[in-house]
Amino acid sequence: MAASGNAEQTQLQDMEDEDAGMEEREMESEEEEEDGMGSENTDDEEDDSSEDEKENEAEIQRLEEQLSINAFDYNCHVDLIKLLKQEGELHRLRKARQKMSELFPLTEEIWLDWLKDEIRLTEEEGNREKVYELFERAVKDYICPDIWLEYAQYSIGGMGSPGGIDKVRSIFERAVTAVGLHMTKGQTVWEAYREFENAILSTVQPPPGRIPSREEQELLKTQLERIHTLFRRQLAIPLVDMEATYAEYEEWSEHGVPETVMHQYKKVLQQMEKLKPFEDSLLAAEPPKLAEYQAYIDFEMKEGDPARIQITFERALAENCLVPDMWAKYTTYLDRQLKMKDLVLSTHERGVRNCPWTMSLWKGYVLALERHGADHHTVSDVFEKALNAGFIQATDYVEIWQAFLDYLRRRVDFSKESSKELEELRAAFSRSLDYMKQDVEERFGESGDPSCIIMQIWARIEALHCKNMQKARELWDNIMTRGNAKFANMWLEYYNLERSYGDTVHCRKALHRAVQCTSDYPEHVCDVLITFERVEGSLEDWDVAVQKTETRLNKINEQRAKVAEKEANLARQEEDRADQRRKAKSDKKAQKKVQKGSRAGEKRKAEPDGYHNDWNEETIPKRQRGEEDMETETGLFGRNAPPAAKHTQQSSLATAQKKDNDKPELRNDTNSVFISNLAYTLEDPEAKLRMLFETCGPIKQIRPVYSNKGSFKGYGYVQFESPVSVPEGLKLDRREIEGRPMFVSPCVDKNRNPDFKVFKYNTSVEKQKIFISGLPFSCTKEQLEEICRSHGALKDVRLVTYRSGKPKGLAYVEFANEAHASQAVLKMNNMEIDGNKISVAISNPPSRNAPGKPGSSRPTSDPVPRQVYGSRGRGRTQLLLPRSLHRQSGLAGKVENGTAAKQVIGASEHAADSKPLSNSDFARMLVSK
């Protein structure tokens, strides 16, 4: 029975297995059918993914080629890393990150992504040292709490290895030293450190019921003291959520919080209240928060705690790593206050890596290396990197060369006649001159050292230290051949060198050459030569010096006299031409008045033939009559002068003001500039304009514009001999003359060029230019240049004034590029200047539309219709008409040239077609009534 029962069970099991096999085969067949049906969709998806992969690969190759051309393209590096991460190319991704980190400091996000990827890779390889090395590089770029926390947590994973616990503790100690003072993020590092020590505590505590040995008790006591110390250290620092930390300490400590800790905690809470406004302003502000960080730093500098000053600078630089001024302030503080070699040099290195275009940071780095005793090879390498950094001004290269040459000079022991250091110094001087002549001039179009300062320093070193006057004289000959021989100060500098280290013969020779070559201050050089011979020379030397100086000064005086005579002749000719122009203009105006008076007489048809107004007062507008009365009131005929006398006086005035402006052969707009906004009371405007504009080029004529009475109208024209002088003349725009800014603009005929824009400034966004408002009225252009120059290279600074010259408190400052303008906005906005808080923004002037054009802000006509009174204005006596004959005021705008009679509406049909009524017609109308 048992056997049969087992057989049945076996049979049932076989049947179940067969059913299960059938089901599996059916499911497999169904899956095959589904696979067959979905194969087409799968193929489509694979095609799409392959196309995306091809596009990404092509983009990766393009970015790699671009980086091979320009390795300093920061955005290209970032895009390449993103694409490689998206494609999962981990090995290529590692190389791309490595190349970028060699050129630039990486941001916190890039570092964290890189570290996490490397951690995953090393879990497979089992090599933790590579990750440790990467963490060490990451914490050097910026002081970031998150990176330090990640570093400490990663190190915990290796505490099972020999010395692992000590290594974790050392990393935590470095972390709390670096970022433990960070008010908002430092707490997380402290808490992680305490959690680690609590975990160690749990391993050294004996199990319940067992009495620990003396060694175990010592370990337990030591571990408890570590945790107590961490609590006390954390509570001595102002951090966010300190109250929770204090409560946790109270709960953890068996004997409560010590009195000293409680007292320290209360003191820190008071410090927290002082810091809270600055932290709140940082939370509320939008990035980059430069002004808020600057205020925070200023406060900490006054408090004087070096550790807090350092962490505040680090927090500011983490968000403003591309602001050179912030790095300069930080490095200056470290150089002068802390003077810790490792901290100072690492900060200088970080500064030049973040802002390589800033010469002052490289210069400070070179000085810091020398100050802390760095080896010569290191200093030379840093200097070579500075030359390849790409400065934005030619003068920057002069300054960095000067700093390096100063360093080399300080290495030389001049007590020895020759040394390796001296030869290296001379070779560096020669190389600097070649570098300025070739590289700098080719890039900027100028050497950056027009006064040859580097050669002057070299000549002085040769004369003073090396006693090699021959080399010094050769250098000064080279200096003079570079366009400096015409300047008296250069000759006097050479003369002083000869007086100090040379001899009398070469002093005399230098002064004789100076007398012949100097063109700016020849009298001064002559006086120096005479004084020298009076003290040093013989009678023969005195006679030669007097003869040479007299000959030179006579020649110069003759040249000056010729120039003065030429100017006087030009002025006389211009005056004669002006008289002719004024006479012709007056005659033309008088003729027009006569013609106008005759036409007005013809139109008075309603008056009797015998009636005539000899004085013709009705034909003169009121304002003009008033001007005539004022003109003749103190004249020869008195107030009641006859009209003939008045007309004669006006004709003579008009004749005196007529110019030759209408003669095309004398006018040339392409060679002229238009001058305006001059004071009406300006005395002798022609002479003053000539004196001002003669520096721009030869002047053909100056045409001040006068009124009919002979008074200056505040504007005129300056015509040059050549159009080349016009751009130089336009540079004098806004030059102040007797308290008013003179406006200089191109001379353009508006009838021929109606679209010419007089307003020369842009009316669209100018990203390289900033607009400043709220300036004190006492702020000068030089003061504003000094403030703005620290934020980048300047191209132009313009203070906005009224026509009278008074300042408006506004200014436009144009930088060399957009980056400098953006930095200036970030740094200068809300800055205080002489008690005024200024506002700074990127320049975006409002549009200026001409009247009558679409979008114009000015109406082209009056919105309310105005009454038209005819060519003579509204007279005191008006013709009385019936109401039925009055015209509607709304049609007054259509009256033109006396044709109003054709458009009378509201009159009778008979009136619309009738002729003008005579006196007899009006009489008949009255009789008929």
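In this report, we go over the structure that sits alongside the text. (Residues numbered from 1 in each chain as written. Predicted model: local features only at pLDDT ≥ 70, side-chain atom pairs only at ≥ 80, totals over all residues. Heavy atoms only, no water.)

Here we take up the overall build of the chain. For the chain, the helix and strand inventory stands at 33 helices and 11 strands. Taken across its 929 residues, the chain has 36% of its residues classed as buried. The contacts of the chain with a sequence gap of at least 6 include a subset with a gap of at least 24, amounting to 61%. (Helix = DSSP H or I, 4+ residues; strand = E, 2+ residues; numbered from the N terminus. Buried < 20%, exposed > 50% of the residue type's maximum accessible area, 1.4 Å probe, protein only. Contact = heavy atoms within 4.5 Å.)

On the surface, Lys585, Lys589, Lys593 and Lys713 cluster together to form a positively charged patch. The element that contributes the greatest number of residues to the positive patch is helix H25 (residues 539–603), accounting for three residues. Mapping Lys593 onto the fold places it in helix H25. (Patch = residues over 30% accessible without salt bridge, like charges linked within 9 Å, V, L, I, M, F, W, Y side chains within 5 Å. Areas by Shrake-Rupley, 256 points an atom, 1.4 Å probe, with all protein chains shown as cover. Salt bridge = Lys/Arg side-chain N within 4 Å of Asp/Glu carboxyl O. Lys, Arg positive; Asp, Glu negative; His and termini not counted. Charge placed at Lys NZ, Arg CZ, Asp CG, Glu CD.)

A few words now on the packing of aromatic side chains. By the definition in use, this model includes 32 aromatic pairs. Through successive ring pairs, a cluster of aromatic residues spans Phe383, Phe391, Tyr397, Trp401, Phe404, Tyr407, Tyr435 and Phe444. The aromatic ring of Tyr706 is capped on one face by Arg582, whose charged end is 5.1 Å from the ring centroid. (Phe/Tyr/Trp six-rings, centres within 6.5 Å; stacked < 30°, edge-to-face > 60°. Lys NZ or Arg CZ within 6 Å of the ring centre and 35° of its normal.)

Turning to the nonpolar core, a few remarks are in order. For soluble globular proteins, the rule of thumb is that nonpolar side chains tend to be buried together. Judged by nonpolar contacts, the single largest core of 156 residues is most densely connected at Phe135, Ile147, Met326, Ile400, Trp401, Ile454 and Trp476. In terms of residue count, the dominant contributor to this core is helix H18 (residues 394–411) (nine residues). Residue contacts for Trp401: discarding those within four places in its chain leaves Phe383, Leu387, Ala428, Arg431, Ser432, Tyr435, Met436 and Ile454. Judged by nonpolar contacts, the second largest core, of 19 residues, contains Ile675, Leu678, Phe712 and Ile737. (Core = buried A, V, L, I, M, F, W, Y, C linked by side-chain atoms within 4.5 Å.)

Right, let's get into the sheet that holds strand E4 (residues 735–737). What the five strands build is an open sheet, ordered E2-E3-E1-E5-E4; its pairing is antiparallel. Every interior strand has two partners, whereas the edge strands, strand E2 (699–706) and E4, have only one. Averaged over all pairs of adjacent strands, the angle between strand axes in this sheet comes to 30 degrees, irrespective of strand direction. Here strand E1 (residues 672–676) pairs with strand E3 (residues 712–720) via four bridges, running antiparallel. Bridge pairing in E3 links Ser672 to Gln719. Its contacts with the sheet place helix H28 (residues 685–693) against E1, E2, E3, E4 and strand E5 (740–746), and it is angled at close to 140 degrees to E2. (Pairing = 2+ DSSP bridges. Axes fitted to C-alpha atoms, helices over the stretch in contact; angles between N-to-C directions.)

Glancing now at the environment of Glu292. Take Glu292: it is sitting in helix H12 (residues 290–303). Each C-alpha atom, one on Glu292 and one on Ser281, is 6.5 Å from the other, the two residues being 11 residues apart in sequence. When neighbours within four sequence positions are excluded, Glu292 is seen to be in contact with Ser281, Leu282 and Ala285.

So, on to the pairing of E2. Of all eight residues in E2, seven are buried; the element is thus mostly enclosed. Pairing analysis gives six bridges linking E2 to E3, with the strands arranged antiparallel. Note on E3: the bridge partner recorded for Arg703 is Tyr717. Between the antiparallel neighbours E2 and E3 lie five residues, among them Gly710 with a positive phi of about 90 degrees.

Another aspect to go through is the packing of helix H5 (residues 129–141) against helix H7 (residues 164–179). Where H5 meets H7, the axes come as close as 13 Å, and the angle between the chain directions of the two elements is 15 degrees. Taken together, the axis directions place H5 and H7 in an arrangement best described as roughly parallel. The crossing of H5 and H7 is left-handed. Seen from H5, the contacting residues are Glu129, Tyr132, Glu136 and Val139; seen from H7, they are Lys167, Ile171 and Arg174. Here the residues of the contact of H5 with H7 are counted per class, giving three nonpolar, no polar and four charged. (Parallel < 35°, antiparallel > 145°, perpendicular 65-115°, else oblique. Left-handed = near helix turned anticlockwise from the far one by under 90°. Nonpolar A, V, L, I, M, F, W, Y, C, P; charged D, E, K, R; others polar.)

What follows deals with the packing of helix H17 (residues 376–387) against H18. Contact pair H17 / H18: the axes reach a minimum separation of 10 Å and the direction vectors enclose 170 degrees. Of the possible angle classes, the one that applies to H17 and H18 is roughly antiparallel. Viewed along their axes, H17 and H18 form a crossing whose handedness is left-handed. For the pair H17 and H18, contact is made by His376, Val379, Ser380, Phe383, Ala386 and Leu387 and by Tyr397, Ile400, Trp401, Phe404, Tyr407, Leu408 and Arg411, respectively.

Moving on to the sheet that holds strand E11 (residues 839–843). Spatial ordering of the open sheet is given by E7-E8-E6-E11, a layout of four strands whose pairing is antiparallel. Of all strands in the sheet, those with a lone pairing partner are strand E7 (794–801) and E11, marking the two edges. Adjacent strand axes in the sheet meet at a mean angle of 20 degrees, parallel and antiparallel pairs treated alike. Running over the sheet, helix H30 (residues 781–789) touches strand E6 (766–773), E7 and strand E8 (807–815) and is turned about 140 degrees from E7. Together, E6, E8 and E11 form the strand contacts of helix H31 (residues 818–828), whose direction differs from that of E6 by roughly 25 degrees.

Here we take up the environment of Asn844. Take Asn844: it is sitting in the loop between E11 and helix H32 (909–913). Distance in space between the C-alpha atoms of Asn844 and Ser764 is 5.6 Å, their sequence separation being 80 residues. In this structure Asn844 touches Ser764 and Val765, once residues within four positions along its chain are discounted.

As a further point, take the pattern of salt bridges. Going through the model one piece at a time under the given rule, you end up with 47 salt bridges. For Glu59, the salt bridge identified is with Arg62, shortest N-O distance 2.6 Å. Of this pair, Glu59 and Arg62 both sit in helix H1 (residues 2–69), three residues apart, roughly one helical turn. A salt bridge links Asp117 to Arg97; its shortest N-O distance comes to 2.9 Å. Linking Asp117 in helix H4 (residues 108–125) with Arg97 in helix H3 (residues 90–103), this pair joins segments that are 20 residues apart in sequence.

With 14 residues, helix H22 (residues 488–501) should reach 20 Å at 1.5 Å per residue; the first-to-last C-alpha distance of 20 Å fits that figure. Every buried residue of H22 is accounted for by Ala488, Met490, Trp491, Leu492, Tyr494, Tyr495, Leu497 and Glu498. Of the surrounding secondary structure, the elements contacted by the buried residues of H22 are helix H20 (453–464), helix H21 (469–484), helix H23 (504–517) and helix H24 (522–536). (Expected span 1.5 Å × (residues − 1).)

Let us now look at the environment of Glu314. Inspection of the secondary structure assignment puts Glu314 in helix H13 (residues 306–319). Of the residues examined, Glu314 reaches a relative accessible area of 4% and is grouped as buried. When the C-alpha positions of Glu314 and Met326 are compared, they lie 9.9 Å apart, and in sequence the two are 12 residues distant. Excluding residues that lie within four positions of it along the chain, Glu314 makes contacts with Ile143, Tyr330 and Arg350. There is a polar contact of 2.7 Å between the side chain of Glu314 and the side chain of Arg350. (Polar contact = N/O pair within 3.5 Å; in protein donor to acceptor, adjacent residues only side chain to side chain.)

The next subject is helix H14 (residues 324–338). With 15 residues, H14 extends 20 Å from end C-alpha to end C-alpha; this agrees with the ideal 21 Å at 1.5 Å per step. Those residues of H14 that are buried are in contact with H12, H13, helix H15 (341–354), helix H16 (359–371) and H31. At the C-terminal side of H14, Lys339 shows a positive phi close to 55 degrees.

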